[in-house]
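# A closer look at the structure
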Amino acid sequence: MTVAFYIMAAIAVLGAVMAIALRNVVHAVFSVLLFFSALAGLFILLLAEFIAVVQVLVYIGSVGILMLFAIMLTTKVTGDPTRKLLSRGWAWGGLVSGALLLAFLVPLITQSKSESNSQLSNFNPSVKDLGLTLMDPYFASVGVIALLLTAGLIAAVVAASSASGE
Amino acid sequence: MNNFIDYKLIELGQWTVGLFNDYPVVQILVHLLLATLPLTLVFMGAFGFSTWLERKGLARIQNRLGPNRVGIFGLLQPLADGIKMLLKEDIVPDRSDKLFHFLAPVMLMVPAFIAVGFLPLGDGLMALPMDSAILFFFAVGSLNTIAVFMAGWSSRNKYSLLGGMRAVAQMISYEIPLVLSAVAVIMFSGSLNAQEIVASQQIQSWLASGNLVKEFFGQILGWHIFKPWGFAGFIFFFVAALAEANRSPFDLPEADSEIIAGHLTEYSGFKYAIFFMAEYISAFAIAGIATTLFLGGWSGPVIAGLPWFIIKMFSLFAVMIWIRGTLPRLRVDQLMGYAWKFLLPLAILNIFVAGFYYFAEQQFGSLAAFIGGWVIGFGILQTAAKGLSRLNKSPTLDGKRVYQLVE
Amino acid sequence: MPARGYHLSKDELGADILEVAMGPHHPSTHGVFRMDLKLDGETVVDLKPIFGYLHRNHEKLAEDIPYLGCMPFTDRLDYLCGMTNNWAFALSAEQLIEIEIPERAQYIRVICAELTRLINHCLLVGFFINDLGALGTPLLYALREREKILDLFETLSGARMMVNYMRFGGVRCDLPDGWLQECERIVGRFPAFLDEYETLLKDNEIVITRSQNVGVLTQEEATNFSITGPMLRASGVNYDIRKVDKYGIYDRFDFKVPIGAHGDCYDRFMVRMLEMRESIKILKQAIADIPEGPIMGNEPRVFKPDPQETYGRIESPKGELGFYLIADGTTNPYRYKVRPPSFVNLTALRHMCIGHKVADAVIILGSIDIVLGEVDR
Amino acid sequence: MSLIAKGILQGMAVTAKNFIQSYYKKERLPTVEYPEEKSTVNQFTRNIPFLVYDGEDEIEGMRCTACKLCEKACPPQCIYIIKDTDENDKPIKRPKVFDIDSSVCMSCQLCVEVCPFESIRMDSEFELSNENRFEGLLINRDELLKSNEYYHEIHPIEAQETDDRIAAKIAEAETKKKAREEKARLAAEAKQAAAAMKAAEEAAAETETSATEQAQQSEAKAEAPEDNPETKNT
């Protein structure tokens, strides 16, 4: 399990770094997809099947494709090779982002350590339970979100159709 | 129950794993191999057979003979083709994105085989026995799109790019009606587990009755396709599946009369063969999942289990061949319109019909629900379909026309 | 003639226009024909037909050959319809020397021409549906039926396609024994095939959605582009040279001309289907009425017509096929010019395609019914 | 389009019918599996020309007289003929070289139509594939020569007509010749009678007449293809 975790984590980090570093936009998007799939693998290791499925379905299957679509419409696929990866502000940026990461993550990690595994052990991450949770205590919020999304979709359709109708 | 073949296979597997009881690491490996290797080999064989079947079937539809030179009835033709493909020169365009050009067939192959792993081939026969297998299947199926796009983009060919664009647009659009028409079944069965979905299509009380006739029909009559929403759902699912698997009449990404071979234009030799194989295995997988969802999976009279599943899967594949031999291709915009304006609303409506059917069955008993469902539920779907097609019809499309004959 | 559709500059579109050279090696350009397409997404913004890949110097070649020697070359113009090409050339050369054609030869010519029409139209429908993406099933049915008629031609003239059968003043040889009976049998069975073919295609929803309202050519546009043949009639113009000129003995037969109302691809396809039924009507009458008698007038093989010019035309399956000849008193034509229907009908391609999708461009080209042998000559 | 598309189902019924009937109806499966089974070649089929000879010997029985009419008539100009000569460089009515480039020939049959000696005819042989695309496709005289029996085998009706025509020609020539001989004989007799009367004075005139006689006879020989004595062997 640990070995699998490290492999997945390594792939995820590699994908994330490549997504930033690669100058070819399409390659960058595929690195992002690699990162997403490694993430899905990590979710499976955590026995969070459903989240893994959603990761694949939504992030790889839809968001990734959306990005590819956007790129297809652009003319410049390869970036400017003269622009260097290391610019002057690089060090400062790295420092700030590293600090932020620590600031956000450290409390979380320490918290989960201290609060023991009692909560985790009796939680059964089956799809059925997830569905029941969503449909019972959180029904109202799920409904509201669904309605909002539908409204947004309709608005998008209206906007698109009126734009093309001119 | 008479699905002894499945039990024997499972027993064989357990016995083999049991041989390595003393070596836990080896045991895990053997277990993995047993889960994957037979499946891989069987489906690769099935791929070969299906290419033969397709060529032969199409030939007969077109009043030809089909392959008949290699082996008896040309049965060894796939082998000959495979050897030919292996020995052919592998041509990679000079300005292509070499890495992606190489990776694309692999990217298509992997999800295809993973998807096959989620098929409930028999009672307990499943390579990846996961609780939400159906959902996983769809998730993995959506990966095909990326591979096709990779192939289309990396080839640096305009036809390939067009094919890739078409593939992406088409697959995204048809995934939605595909999943939605499956939702009705999932809702009715109350589970995402493929085995449970199959079990929900057997009339358990009849099977347990001991009456031979009842046992016989208990394996058939419960199939979802005999229910109104199941029938409609099957049609939607099958149409969407054709589009997902790039089969005619939705084979736009590789439309040979328009864009030569679409994303496959620049592929040759073994890479092309792998593409071909992945596409056929995806088609199998989707036929298998249609079998599971609507045709009662492995359940069937006399020899329930693996044989029935294979028969049903190949029958669906034969229908795909039949359709391919008959129908012309849709146009891009029509294809999208058909998915969004016709299939999607109807699939959503079908979920409601299925819901009402479910409650009607609990309220009025299954027979009344059955008759009422076919009369009312199917009537609603039919009317909706007609109304939608009238709504969508462009004003100049007048269907049947009358022609003047003048002197 | 301003072309319909839109012409936007690159900037106005905000996206790149994809230029695709479709052909000369493309599965559905019906030979070595090339269309340079400018695509906006999948929509055709501009189209440039390019041909000449199959140019064989047909017209210049004829100037060095006696009149009769040109006859076998005409087979190779529209290589699907050798018989009608022969007839058109014979007709124009016969005008030079003014000879009577025996009755029996006239009937044989009509029978051959109408059989050719059957071949051409059922093949065209097959190719058209093939362009729609039907994997060749209708095409192979058409080829299956064509074989039977080609066998007839082989028995009659010795060759299946390159018939070289007509001569100035008649036809080369008389019908062999039993040929008419065989022909009658095949023609009698043809309607059954047509029924099956129509069931397969006519009401098919995909064929309807794909081809209706695609590649529309109005009456006015069609006449302005000097379109002829089934394509013109699909646009609603009643113009059939068999009716207008009544060449040969076409005034003796009772047949009608099918007319379309919309001028789109579906109409072109259906007009051809209906024309096949009318051809069968003509064939049945001709087979019943054919008289006994000579098949050739007494005509010298090599002749020197007086200096003059003629234009002979017939309704070939694809449209008006005409041969323009200038004689200068020698045995060879001074000028030999073909008016090929494929070529002239092709001029409307760009006009019809702009604004449609790539897939439509392919079927519009298919519905025009071109044979590159005739376009390039 | 309603839920079930009627037109599509109709079409699928047609293809299903074709699929099933292809197993038991010959009409629905017209395929001929070529190398194993060959469809019978129509006796009217024409492909590449060949030269007919009569009797046993190819050269002696050759009908062709190298008149080069076919060479002139051939539209793609694929025929090449050189006249044969004897030891004294005197031309013989026979081709030394008769080549047909089968890659150029378009099987139009115009050469057959112009041939006055019924010599060049169309073959129905269609398996002309060759390993050598240049020399292999150039068919020379010896390959072109085929017997009259072969001609009868591939085109029975046409060959019979040809033979009848030749026989009629020969018969005609024969009767003409006989009539001429008769005439010549009568004239000779009359002349002999006259010669008996005035033998001494008109000796010069007599020699002149016999010379004319000879000339007439050789002319008759040229008209009919009499250099083939076995013409009537069929």
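Look a little higher up for the structure.
Below you will find a few notes about this structure.

Definitions and cut-offs
Residues numbered from 1 in each chain as written. Chains lettered and ligands numbered in written order. Predicted model: local features only at pLDDT ≥ 70, side-chain atom pairs only at ≥ 80, totals over all residues. Heavy atoms only, no water. Helix = DSSP H or I, 4+ residues; strand = E, 2+ residues; numbered from the N terminus. Buried < 20%, exposed > 50% of the residue type's maximum accessible area, 1.4 Å probe, protein only. Areas by Shrake-Rupley, 256 points an atom, 1.4 Å probe, with all protein chains shown as cover. Pairing = 2+ DSSP bridges. Patch = residues over 30% accessible without salt bridge, like charges linked within 9 Å, V, L, I, M, F, W, Y side chains within 5 Å. Salt bridge = Lys/Arg side-chain N within 4 Å of Asp/Glu carboxyl O. Lys, Arg positive; Asp, Glu negative; His and termini not counted. Charge placed at Lys NZ, Arg CZ, Asp CG, Glu CD. Phe/Tyr/Trp six-rings, centres within 6.5 Å; stacked < 30°, edge-to-face > 60°. Lys NZ or Arg CZ within 6 Å of the ring centre and 35° of its normal. Axes fitted to C-alpha atoms, helices over the stretch in contact; angles between N-to-C directions. Parallel < 35°, antiparallel > 145°, perpendicular 65-115°, else oblique. Left-handed = near helix turned anticlockwise from the far one by under 90°. Contact = heavy atoms within 4.5 Å. Nonpolar A, V, L, I, M, F, W, Y, C, P; charged D, E, K, R; others polar. Buried area = accessible area lost by both parts, 1.4 Å probe. Polar contact = N/O pair within 3.5 Å; in protein donor to acceptor, adjacent residues only side chain to side chain. Core = buried A, V, L, I, M, F, W, Y, C linked by side-chain atoms within 4.5 Å.

## Some thoughts on the overall build of chain A
- Broken down by element type, chain A carries seven helices and zero strands.
- Buried positions account for 20% of the 166 residues belonging to chain A.
- Total accessible area on chain A is roughly 12000 Å²; 75% of this is exposed by carbon and sulfur atoms.

## Re the pairing of strand β8 (residues 319-327) of chain C
All names here are of chain C.
- Burial runs high along β8: seven of the nine residues are buried.
- Bridge count for strand β7 (residues 308-316) against β8 is nine bridges, and the pairing is antiparallel. The partner of Thr-310 across the bridge, within β8, is Leu-325.
- Hairpin connection from β7 to β8: two residues lie between these consecutive antiparallel strands.

## Things to note about a negative patch on the surface
All names here are of chain D.
- A cluster of like negative charges, contributed by Glu-56, Asp-57, Glu-60 and Glu-149, occupies part of the molecular surface.
- Counting through the fold element by element, Glu-60 comes out in the loop between β1 (49-53) and α2 (69-73).
- On the basis of relative accessible area, Glu-60 is assigned to the exposed category, the value being 56%.

## Description of the packing of aromatic side chains
- Overall, the coordinates contain 52 aromatic pairs over all chains when judged by the stated rule.
- Each ring, one from Phe-137 of chain B and one from Phe-138 of chain B, has its centre 5.7 Å from the other, and the planes form 80°; the classification is edge-to-face.
- Here the aromatic residues Phe-43, Phe-47, Phe-49, Trp-52, Tyr-272, Phe-276, Tyr-280, Phe-284, Phe-314 and Phe-317 of chain B are joined through ring pairs into a cluster of three or more.
- If you follow Lys-243 of chain C out to its NZ or CZ, it ends over the ring of Phe-255 of chain C, 4.0 Å from the centre.

## Quick word on the pattern of salt bridges
- Evaluated as defined, the whole model comprises 55 salt bridges over all chains.
- In this structure, Glu-118 of chain D engages Arg-121 of chain D in a salt bridge whose closest nitrogen and oxygen atoms are separated by 2.5 Å.
- The exposure class assigned to Arg-121 of chain D is buried, which follows from its relative accessible area of 4%.
- Here the salt bridges share partners, and the residues they tie into one network are Glu-114, Arg-117, Arg-233, Asp-240, Arg-242, Glu-275 and Glu-315 of chain C.

## A few points about the sheet that holds strand β2 (residues 34-40) of chain C
Residue and element names in this part refer to chain C.
- Taken together, three strands build an open sheet; the order of strands is β1-β2-β3 and the sheet is antiparallel. Among the strands making up the open sheet, the edge pair consists of β1 (18-22) and β3 (43-50). On average, each strand axis in the sheet is inclined to that of its neighbour by 20°, with strand direction left out of account.

## Regarding the packing of helix α7 (residues 179-201) of chain C against helix α12 (residues 265-289) of chain C
Residues and elements named next belong to chain C.
- Axis separation between α7 and α12 bottoms out at 10 Å; the angle between their running directions is 160°. Taken as axis vectors, α7 and α12 run roughly antiparallel relative to one another. Between α7 and α12 the crossing geometry is left-handed. Of α12, the residues touching α7 (which contributes Leu-180, Cys-183, Glu-184, Val-187, Gly-188, Phe-190, Pro-191, Leu-194, Asp-195, Tyr-197, Glu-198 and Leu-201) are Phe-269, Met-270, Met-273, Met-276, Arg-277, Ile-280, Leu-283, Lys-284 and Ile-287.
- For the contact of α7 with α12, the per-class residue count stands at 15 nonpolar, one polar and five charged.

## Looking at the interface of chain D and chain C
- Across the boundary between the two partners, chain D contributes 26 residues, which contact 31 residues of chain C.
- Of the roughly 2400 Å² buried between chain D and chain C on both sides combined, carbon and sulfur atoms contribute 54%.
- Contact with chain C buries surface across chain D, with Phe-44, Arg-46 and Met-106 of chain D losing the most and accounting together for 23% of the total.
- Between Glu-113 of chain D and Arg-167 of chain C there is a salt bridge, with the nearest N and O atoms lying 2.6 Å from each other.
- At the level of elements, α1 (6-21) and α3 (110-114) of chain D are the ones that each hand at least two residues to the side of chain D that touches chain C.

## Structural notes on the arrangement of the chains
- With five pairs of chains in contact overall, the greatest share of contacts is found between chains B and C.
- Without any contact between them, chain A and chain D keep their closest C-alpha atoms 24 Å apart.

## Side note on the interface of chain C and chain B
- Residue-level contacts link 56 residues of chain C with 37 residues of chain B.
- Its largest share of buried area at the contact with chain B, chain C owes to Glu-42, Leu-135 and Ile-206 of chain C, together 15% of the area lost on that side.
- At the boundary of chain C and chain B, one finds two salt bridges.
- Of the charged contacts, one joins Glu-42 of chain C and Arg-166 of chain B as a salt bridge, the two residues approaching to 2.5 Å between their closest N and O atoms.
- On inspection of chain C and its partner chain B, the count reaches twelve residue pairs in polar contact (both at pLDDT 80 or more).
- At the level of elements, β1, α5 (103-131), α6 (137-157), α8 (205-211), β6 (257-259), α12 and α15 (358-368) of chain C are the ones that each hand at least two residues to the side of chain C that touches chain B.
- Its residues assigned to classes, the side of chain C that touches chain B comprises 26 nonpolar, 16 polar and 14 charged.
- Where strand β1 (residues 404-406) of chain B and β6 of chain C come together, three bridges link them in antiparallel fashion. Note on β6 of chain C: the bridge partner recorded for Leu-405 of chain B is Pro-258 of chain C.

## A closer look at the nonpolar core
- Core analysis: the largest hydrophobic core is formed by 134 residues, its most contacted members being Ile-111, Leu-115, Phe-168 and Leu-349 of chain C.
- It is α5 of chain C that contributes the most residues to this core, 15 residues altogether.
- The residues touching Leu-115 of chain C, leaving out its near neighbours within four places in the chain, are Ile-149, Leu-152, Phe-153, Trp-179, Cys-183, Val-187 and Leu-283 of chain C.
- Ala-151, Ala-243, Ile-274 and Ala-385 of chain B belong to the second largest nonpolar core, which has 130 residues in total.

## Regarding the side chain of Thr-292 of chain B
Residues and elements named next belong to chain B.
- Structurally, Thr-292 can be placed in helix α13 (residues 269-294).
- A relative accessible area of 0% means that Thr-292 is categorised as buried.
- There is a polar contact of 2.8 Å between the side chain of Thr-292 and the backbone oxygen of Gly-288.
- Setting aside chain neighbours within four positions, we find Thr-292 in contact with Pro-120, Ala-194, Ile-197, Val-198, Gln-201, Gly-297 and Phe-309.

## Observations regarding the environment of Ile-114 of chain B
All names here are of chain B.
- Note that Ile-114 resides in helix α4 (residues 98-117).
- Here the alpha-carbon distance between Ile-114 and Thr-36, two residues 78 residues apart in the chain, equals 9.3 Å.
- Excluding residues within four positions of it along the chain, Ile-114 makes contact with Leu-128 and Val-140.

## Observations regarding the pairing of strand β9 (residues 333-339) of chain C
Residues and elements named next belong to chain C.
- Where β8 and β9 come together, six bridges link them in antiparallel fashion. Bridge assignment links Gly-322 to a residue of β9, and that residue is Arg-339.
- Connecting β8 to the next strand, β9, in antiparallel fashion are five residues, including Gly-329 with a positive phi near 85°.

## Let's talk about the side chain of Ser-102 of chain D
- Its location among the elements puts Ser-102 of chain D in the loop between β3 (91-101) and α3.
- At 2.6 Å, the side chain of Ser-102 of chain D and the backbone oxygen of Leu-137 of chain D are in polar contact.

## What about unusual backbone geometry?
Residues and elements named next belong to chain B.
- Not every positive phi belongs to a glycine, and Phe-73 is a case in point at roughly 55°.
- When you line up the elements, Phe-73 lands in the loop between α2 (24-61) and α3 (77-87).
- Looking at Phe-73, the relative accessible area reads 57%, which means it is exposed.
- With a phi close to 60°, Asn-246 is a non-glycine residue in the positive phi region.
- Within the secondary structure, Asn-246 is located in the loop between α11 (228-244) and α12 (256-259).
- Residue Asn-246 is classed as buried on the basis of its relative accessible area of 6%.

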